[in-house]
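# Summary of the model geometry
What follows is each chain in one-letter form.
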Amino acid sequence: MEKTKIAIIGAGPAGIATAVEAKSAGLEPVIILEKSNQPCETIHKFYHPGKRVDPVYRKRKIEPEGICRFDTCTKEEFLALIDDYIQRYELDIRFKQEVRNIKKENDCFVVETNQGLVVKAPVVVIAIGIFGRPVKPSYKIPKEIKDRVFFGTQAHLDSSFRKVLVVGGGDSAAETACFLAKKAQVFLSYRRPQFFRINPTNMAHLEKLVQEGKITLLMNTDIQRLEPDPQGIKVIFKDHDPLVVEAVYYCLGGSTPENFLKSIGVKMEGKRAVVNEYGETNIPGLFLAGDLAVEKGSIMSAFNSAHRVVEGIKRHHLARLEREC
Ligand SMILES: Cc1cc2nc3c(=O)[nH]c(=O)nc-3n(C[C@H](O)[C@H](O)[C@H](O)COP(=O)(O)OP(=O)(O)OC[C@H]3O[C@@H](n4cnc5c(N)ncnc54)[C@H](O)[C@@H]3O)c2cc1C
């Protein structure tokens, strides 16, 4: 467990700019948690090599308000600029740390990652962009059974099935299996011989339901494919007898930003979160920056939103930052 003053989720343009603004305002320490192994994963992944990166994006010219800014350049030059900010401001970025949950404890936030890292902070800034999706399996899901196959946090929406399979080995798989076991016979398939990422509370709940016979664990099992079946879905494993269930729930990590925000209690209006002029949500001390916080996202608007977040922290939360978590 680590403590910091400001925890930032996502090392894209918005997350990096928030850290730059915070550090130059003397608000530190700041920790950035990034799910990939490099900053600006969205730009690495979606921009083609040599792409022109323009501050005038979708015909909208946005004047810089804060420290971070750029002129028209290539993808590679832009990424070098970001690296330069990281070096110059000595940003503390923890890579390969996908944030799975944020909860409140004694007016501080507890941020948990898929690697088991726990960071406590009085202020949290979410800058995860809009491109997140739940992880899906590599094999194709036949179209006949698509309405019985669920991914990520959608799992909780439909629990009318009586015999189901949950796939995954982390907290979301454990929570989904326990939730569904209220009404259904649940099988939980995980490809490893034992769980190592499930927190003690979820593990205790899971073990209790296994003992009561409501959940059957299928450890060391790897699914090869799903097939339509008169009773629902036939699950073909590489190393286990086939299993027929009514529905399959994949909990392999990742989530849409919308579901992520909903799951931590952020107030939404349609698909967008409700934020004030500083990007602060209905949860005091929890801010959004970048594409998540603005209507039409761009790099310059991400930089500017980071500036406004830090203005909001300076204006309303200096006392909160002094709080011991
Ligand atoms: C093809 C394309 C071309 C574009 N061209 C331009 C352009 O020329 N000019 C312009 O201004 N804009 C352009 N944009 C838009 C611009 O890229 C975005 O507006 C900008 O990247 C938004 O920054 P952000 O920091 O909000 O989000 P992102 O850049 O999406 O960064 C989010 C970061 O958070 C990380 N993350 C996500 N979930 C988690 C989690 N749970 N835990 C930890 N980390 C997480 C991601 O890995 C990523 O690094 C373009 C977009 C696309 C797709």
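Everything discussed here concerns the structure shown above.
This text gives an overview of the structure that appears in the document. Sequence order as written defines residue numbering, which begins from 1 separately in each chain. Under the rules for a predicted model, residues below a pLDDT of 70 receive no local features and side-chain atom pairs below 80 are neither given nor counted, while totals for whole chains, interfaces and linings still include all residues. Heavy atoms from the whole structure form the basis of all side-chain values; hydrogens and water molecules are not counted.

### So, the overall build of the chain
Within the chain one finds 8 helices and 23 strands. Radius of gyration: C-alpha atoms only; globule rule: 2.2 Å multiplied by the number of residues to the exponent 0.38. Computed over its C-alpha atoms, the radius of gyration of the chain comes to 22 Å, within 12% of the 20 Å expected for a compact globule of 325 residues. Summarising its shape, the C-alpha atoms of the chain cover approximately 60 × 45 × 35 Å along the three principal directions. Note on classification: 1.4 Å probe, protein chains only; a residue is buried when its accessible area is under 20% of the maximum for its type, exposed when over 50%, partly exposed between these limits. Among the 325 residues that make up the chain, the fraction classed as buried is 50%. Whether two residues touch is decided by their heavy atoms; if any such pair falls within 4.5 Å, the residues are in contact. Partitioning the contacts of the chain with sequence separation of at least 6, the portion at a separation of at least 24 is 63%. Only DSSP runs of H or I reaching four residues or more are called helices, and only runs of E reaching two or more are called strands; each is numbered from the N terminus.

### Re the site of the ligand
Consider each residue's heavy atoms; a residue with any of them within 4 Å of a molecule or strand counts as near. Close to the ligand lie 30 residues, the nearest being Glu34, Thr42, Tyr47, Asp291 and Ile299. Polar contact is the term for a pair of N or O atoms within 3.5 Å; when the atoms are in protein, one must be able to donate a hydrogen and the other to accept it, and sequence-neighboring residues count only if both atoms are side-chain atoms. For the ligand, an oxygen atom lies 2.5 Å from a polar atom in the side chain of tyrosine 47. Between the ligand and isoleucine 299 there is a distance of 2.9 Å, counted from an oxygen atom to a backbone nitrogen or oxygen. If the ligand stood free it would expose 1,000 Å²; the protein chains cover 91% of that surface. Breaking the shell around the ligand down by element, the ones donating at least two residues are helix H1 (13-24), helix H2 (41-46), strand S4 (52-53) and helix H7 (299-316). Looking at which element gives the most residues to the shell around the ligand, the answer is H2, with 3 residues. Residues are grouped as follows: nonpolar covers Ala, Val, Leu, Ile, Met, Phe, Trp, Tyr, Cys and Pro; charged covers Asp, Glu, Lys and Arg; every other residue, Gly included, is treated as polar. Grouping the constituent residues of the shell around the ligand by class yields 14 nonpolar, 8 polar and 8 charged. All accessible-area figures derive from a Shrake-Rupley calculation using a 1.4 Å probe, and residue coverage is judged against the displayed protein chains alone.

### Points about the packing of H1 against helix H3 (residues 75-88)
Angular values range over 0 to 180 degrees, each being the angle between N-to-C directions of two axes fitted as lines to C-alpha atoms, with helices fitted over their stretch in contact. Where H1 contacts H3, the axes come no closer than 10 Å and their chain directions differ by 30°. Overall, the two elements H1 and H3 adopt an arrangement that is roughly parallel. Considering how the two elements wind past one another, H1 and H3 form a crossing that is left-handed. The segment H1 lies against H3, with Pro13, Ile16 and Val20 engaging Phe78, Ile82, Tyr85 and Ile86. Tallied by class, the residues present in the contact of H1 with H3 amount to 7 nonpolar, no polar and no charged. Roughly parallel refers to an angle under 35 degrees, roughly antiparallel to one over 145, roughly perpendicular to one between 65 and 115, and oblique to any angle outside these ranges. Crossing handedness follows the turn of the near helix against the far one: under a right angle anticlockwise gives a left-handed crossing, and clockwise gives a right-handed one.

### Overview of the sheet that holds strand S10 (residues 108-113)
Paired strands are those between which DSSP finds at least two bridges. Judged by pairing direction, the sheet is mixed, and its 4 strands sit side by side in the order S1-S11-S10-S9 without closing on themselves. Here the strands that pair on one side only, and so sit at the sheet edges, are strand S1 (2-3) and strand S9 (99-105). Sheet analysis places S9 next to S10, joined by 6 bridges and oriented antiparallel. Considered in S10, the bridge of valine 99 is made with threonine 113.

### Quick word on the state of the cysteines
Throughout, disulfides are identified as pairs of cysteine sulfur atoms within 2.5 Å of each other. Under the counting rule described, the total for this entry stands at 1 disulfide. Through a disulfide, cysteine 108 is tied to cysteine 325; the S-S separation comes to 1.9 Å. On the sign convention where negative is left-handed, the bridge of cysteine 108 and cysteine 325, at about -80° about the S-S bond, is left-handed. You can see cysteine 108 sitting in strand S10 and its partner cysteine 325 sitting in the segment after helix H8 (318-321), a full 217 residues away along the chain. Pair check on accessibility: cysteine 108 and cysteine 325 agree, each one buried.

### Topic: the packing of aromatic side chains
Two rings from Phe, Tyr or Trp (for Trp, the six-membered ring) form a pair when their centres are within 6.5 Å of each other. A pair whose planes differ by under 30 degrees is stacked, one over 60 is edge-to-face, and the rest are tilted. According to the stated counting rule, one finds 10 aromatic pairs in the structure shown. Considering the side-chain rings of tyrosine 139 and tyrosine 250, the 6.3 Å spacing of their centres and the 55° angle between planes classify their relative orientation as tilted. Residue tyrosine 139 is located in the loop between strand S12 (123-126) and strand S13 (149-151), and its partner tyrosine 250 is located in strand S20 (residues 247-250); the two are separated by 111 residues in the primary sequence. Across the pair, tyrosine 250 and tyrosine 139 agree in class, each one buried. With 5.4 Å between their ring centres and 10° between their planes, tyrosine 190 and phenylalanine 195 make a pair best called stacked. For tyrosine 190, a relative accessible area of 5% puts it in the buried group. Accessibility expressed as a relative area gives 14% for phenylalanine 195, which makes it buried. Taken together, Phe70, Phe78 and Phe303 form an aromatic cluster joined through their ring pairs. Only lysine NZ and arginine CZ atoms are considered, and such an atom sits over a ring when it is within 6 Å of the ring centre and within 35 degrees of the ring normal. The ring of tyrosine 47 carries the charged tip of lysine 51 above its face, separated from the ring centre by 5.0 Å. In this structure, lysine 136 is placed above the aromatic ring of phenylalanine 151, and the distance from its NZ or CZ to the ring centre is 4.5 Å.

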